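Architecture and fold: a report
The residues making up each chain are set out below.
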Number of protein chains: 2
Amino acid sequence: MTSSRNPRSAPTRHSREDVADAALDILNSYGLGDLTMRRLAQSLEVQPSALYWHYENKQSLLAHLADLIVDVPGSAAAETPGTTRVRTLCLALRERLLAYRDGAEVVASTLALGLGAEAPGRELTAALTDAGTDPETAQRVSGVLLHFILGQVSHEQQRAQAGSLGAATPTGTPESESAEFGFGIDLILGGLAALR
Amino acid sequence: MTSSRNPRSAPTRHSREDVADAALDILNSYGLGDLTMRRLAQSLEVQPSALYWHYENKQSLLAHLADLIVDVPGSAAAETPGTTRVRTLCLALRERLLAYRDGAEVVASTLALGLGAEAPGRELTAALTDAGTDPETAQRVSGVLLHFILGQVSHEQQRAQAGSLGAATPTGTPESESAEFGFGIDLILGGLAALR
DNA sequence: ACCTGAACACCGTTCAAGT
DNA sequence: ACCTGAACACCGTTCAAGT
């Protein structure tokens with residue numbers, strides 16, 4: 001994706017963003033289990049200790065990655081009305097999570113630790129209040145949607161790589177996963193509609 | 001909880017269940033992060049390699065723990081009608097997950113890897129079909145409920161120990177967590193009711 | 001049936017020092 | 001501003017061998 005690393009030449013200094021890019025490369029190529037500080041350092045041709053100049057520790061690196069996975073610059077758009085926009089936001093979030101191997105797990109753990117990746121929750125809550133939901137309910141529905149999205153997608157992603165190792169997991173087709181996902185979102189939004 | 005370990009005496013052989021009990025003790029006393037094979041061996045006063053006679057690897061030990069956390073022997077009971085029973089099952093599952101530190105995470109990862117902890121999903125699906133839902137819908141609603149439950153509870157549990165380290169996480173009271181949980185379940189079940 | 005001893009191939013993190 | 005070198009305190013897992 002990035003990093004035209006010149007093999008065997010000058011020391012090549014790195015920025016914080018370089019480190020994040022290299023980490024995302026490893027994530028997509030080998031998965032979260034292989035994203036270690038030592039492996040990352042190796043891919044940047046530095047010593048592991050060099051990474052601690054750019055990030056305080058591994059968790060804060062992962063938090064940065066979670067923000068990159070989840071923040072989509074031109075996403076304020078799509079001014080569809082009411083609850084349709086909420087649905088669109090959910091589908092878009094799923095796509096962003098699926099764009100990176102183990103994306104959902106990275107985001108979920110960062111969110112759980114309160115270290116970042118709060119943008120989707122804010123967007124969802126805003127869309128819900130715009131659709132006429134009161135703030136407290138909007139907050140709670142947003143939470144239900146997020147838990148479902150992160151759970152479903154990380155389940156999906158873990159099955160994908162468990163399945164690639166020949167496990168006998170009864171894996172659904174990509175289309176059936178999408179259908180299941182859409183069903184869940186509609187179920188929750190249907191519950192919201194039934195609330196009033 | 002168990003283990004009247006006699007200090008400084010005969011070699012004390014262990015069974016597979018002894019190992020699981022000791023693991024649950026460590027889980028509850030120190031959390032999942034401190035549940036390592038080496039620490040577990042130490043608590044049983046054996047070498048780490050001894051554990052691999054009882055379990056093929058760490059994952060299969062965790063899968064066993066997940067089943068113990070989730071399987072409640074006398075739970076076929078509570079013959080309340082229709083969708084009320086579903087709600088009761090969800091609340092009971094939450095209690096079981098909360099009974100062990102990091103219980104939700106242990107169960108979620110085991111479930112994701114397809115290595116166990118499938119009982120709650122089966123119970124929920126059965127209760128839903130008993131309530132008149134067609135099998136495919138029951139399966140999907142059960143999935144939505146499970147993702148929400150595991151997501152909400154593990155969020156809850158991770159905040160609890162992040163908060164115990166003085167982090168500035170805006171932590172809700174135990175009662176507000178329960179209310180939020182109940183709201184989510186009712187939202188989803190409301191969506192199901194609105195489906196017909 | 002259950003465990004030891006020793007090894008292998010790893011981890012994240014710290015810290016003084018270099019350029 | 002960014003990195004090295006060396007160390008510290010750990011991991012999970014394997015395997016021959018013991019009782």
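Preceding this section is the structure that the text describes.
Read on for an overview of the structure. All of these numbers come straight from a predicted model, not from anything done at the bench. (Residues numbered from 1 in each chain as written. Chains lettered and ligands numbered in written order. Predicted model: local features only at pLDDT ≥ 70, side-chain atom pairs only at ≥ 80, totals over all residues. Heavy atoms only, no water.)

Once that is clear, we can look at the packing of helix α5 (residues 82–98) of chain B against helix α9 (residues 174–193) of chain B. All names here are of chain B. Where α5 contacts α9, the two axes come as close as 11 Å, and the packing angle between them is 145°. The two elements α5 and α9 cross, and the hand of that crossing is right-handed. Counting all contacts with α5, which are made through Thr83, Val86, Arg87, Cys90, Leu91 and Arg94, the residues of α9 involved are Glu177, Ser178, Phe181, Gly182, Ile185, Asp186 and Leu189. Residues belonging to the contact of α5 with α9 are distributed by class as follows: six nonpolar, three polar and four charged. (Axes fitted to C-alpha atoms, helices over the stretch in contact; angles between N-to-C directions. Helix = DSSP H or I, 4+ residues; strand = E, 2+ residues; numbered from the N terminus. Left-handed = near helix turned anticlockwise from the far one by under 90°. Contact = heavy atoms within 4.5 Å. Nonpolar A, V, L, I, M, F, W, Y, C, P; charged D, E, K, R; others polar.)

Next up on the list: the environment of leucine 111 of chain B. Looking at where leucine 111 of chain B falls in the secondary structure, it is placed in helix α6 (residues 103–112). Distance from leucine 111 of chain B to leucine 27 of chain B, taken between C-alpha atoms, is 18 Å for residues 84 residues apart in sequence. Ignoring any residue separated from it by four or fewer positions in sequence, one finds leucine 111 of chain B in contact with His155 of chain A together with Gly116, Ala117, Glu118 and Leu150 of chain B.

What follows is about the protein's contact with DNA strand C. Neighbouring DNA strand C are 16 residues, the closest being Arg38 of chain A together with His14, Gln47, Ser49 and His54 of chain B. Expressed as a percentage, the sugar and phosphate content of the atoms of DNA strand C within 4 Å of the protein is 52%. Between DNA strand C and threonine 36 of chain A, the relevant distance is 3.3 Å, taken from a phosphate oxygen to a side-chain nitrogen or oxygen of the residue. Taking arginine 13 of chain B, its side chain carries an N or O atom lying 3.4 Å from a base oxygen of DNA strand C. Elements represented by at least two residues in the surface near DNA strand C include exactly α2 (37–43) of chain A together with α3 (51–54) of chain B. Partitioned by chemical class, the residues of the surface near DNA strand C number five nonpolar, eight polar and three charged. (Near = heavy atom within 4 Å. Polar contact = N/O pair within 3.5 Å; in protein donor to acceptor, adjacent residues only side chain to side chain.)

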